[in-house]
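# Per-entry structural report
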Amino acid sequence: MEDDQRRDWTMSARYEEIARDLRERITSGEFPPGSPLPLMRDVAAQYEVSDITVRKAWGLLKREGLIESRRRAGMFVREHPDRVRLMVRNRQIERDELGYYSGPEVQHWRALPHPDGEQTRVTTAPVPADVADALGVEAGTHLTVRKRVIGDPDVPEHRQLADSWIAEWVAEEVPSITGNTGVGGMYDRLEEWAGKPLHWREEVSARMPSPEEAEALLMPQTGVPLLRAIRITFFAGRGRKPERIVEVQDIRMSAALFAVGYPLPRGSSAKWPVAPASSDYYRATDPQE
């Protein structure tokens, strides 16, 4: 038993060591994007291990998105689109004649059809836990959701999934939101109904995609995470009245193609100009003084 455990530990340590070495050679540029890795038998001979150990090392690098297998050609360093055509999404609300959209980089984007040809799929479904928390309802509550694929008509990979989860009170009081919202879209209908402007805030995170999300976004099934923005739409409160959340939009896109950009304004403690530091500013303070 002890010999088997020792053998398992040794193989584990070796495949991680091989993966670490290959990872460093990839990130250093020794193996540039698109280049082939050495043949399995050559790697096994170099490190004096079995083919099984090499496969484990390759499997680890594949899950990290660094390499990919090509049928009958071997293992290759994955081409990373972010190195040549990463699009920075500046997160701000813009507007054109069609309605609201997020950022000038996507002004020309349009709703793309789902596989069945439908562009905006309106249905009722159990809300995800984090979206439910933002809406103040129990996870799993069935809410109206508008599901869309938004993208660049000329660049198939430039697309995002956008699920708009509608608050219960909105579905009841503004029923037009659950159907065809017309020119200007949902936000115009809400502002017309309320007679006041909407406000937004976002939370950005990352996670791995589900198989369905990867397929819809034309992403690899492994090795590339989703960039996820949870956008909360609300009417501002007034006096003692709290803000009123109307919608939470779950936006997902490929982290290999997109980054999020935003300004960093100076806070009050970082106002410029500042008083110059004195000559002894960096002198260590003597604890005995």
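Here we summarise the structure given alongside this text. (Residues numbered from 1 in each chain as written. Predicted model: local features only at pLDDT ≥ 70, side-chain atom pairs only at ≥ 80, totals over all residues. Heavy atoms only, no water.)

### Quick notes on unusual backbone geometry
- A cis amide bond links tryptophan 272 with the next residue in sequence, proline 273, at an omega value of 5°.
- Along the chain, the position of proline 273 falls in the segment after β13 (258-261).
- Although it is not a glycine, arginine 72 sits at a positive phi angle of roughly 65°.
- Here arginine 72 lies in the loop between β1 (67-70) and β2 (74-77).
- The class for arginine 72 is exposed, based on a relative accessible area of 83%.
- Phi is positive for leucine 218, which is not a glycine, with a value near 60°.
- Mapped onto the secondary structure, leucine 218 falls in the loop between α8 (211-216) and β11 (226-235). (Helix = DSSP H or I, 4+ residues; strand = E, 2+ residues; numbered from the N terminus. Buried < 20%, exposed > 50% of the residue type's maximum accessible area, 1.4 Å probe, protein only.)

### Description of the packing of aromatic side chains
- Under the criterion given, the structure shown has three aromatic pairs.
- Ring geometry for tryptophan 169 and tryptophan 193: centres 5.8 Å apart, planes at 45°, overall tilted. Of this pair, tryptophan 169 sits in helix α6 (residues 168-173) while tryptophan 193 sits in helix α7 (residues 185-194); the two residues are 24 residues apart in sequence, bridging distant segments of the chain.
- Assessed through its relative accessible area of 37%, tryptophan 193 is described here as partly exposed.
- When the ring centre of phenylalanine 234 is taken as reference, the NZ or CZ atom of arginine 201 above it lies at 4.8 Å. (Phe/Tyr/Trp six-rings, centres within 6.5 Å; stacked < 30°, edge-to-face > 60°. Lys NZ or Arg CZ within 6 Å of the ring centre and 35° of its normal.)

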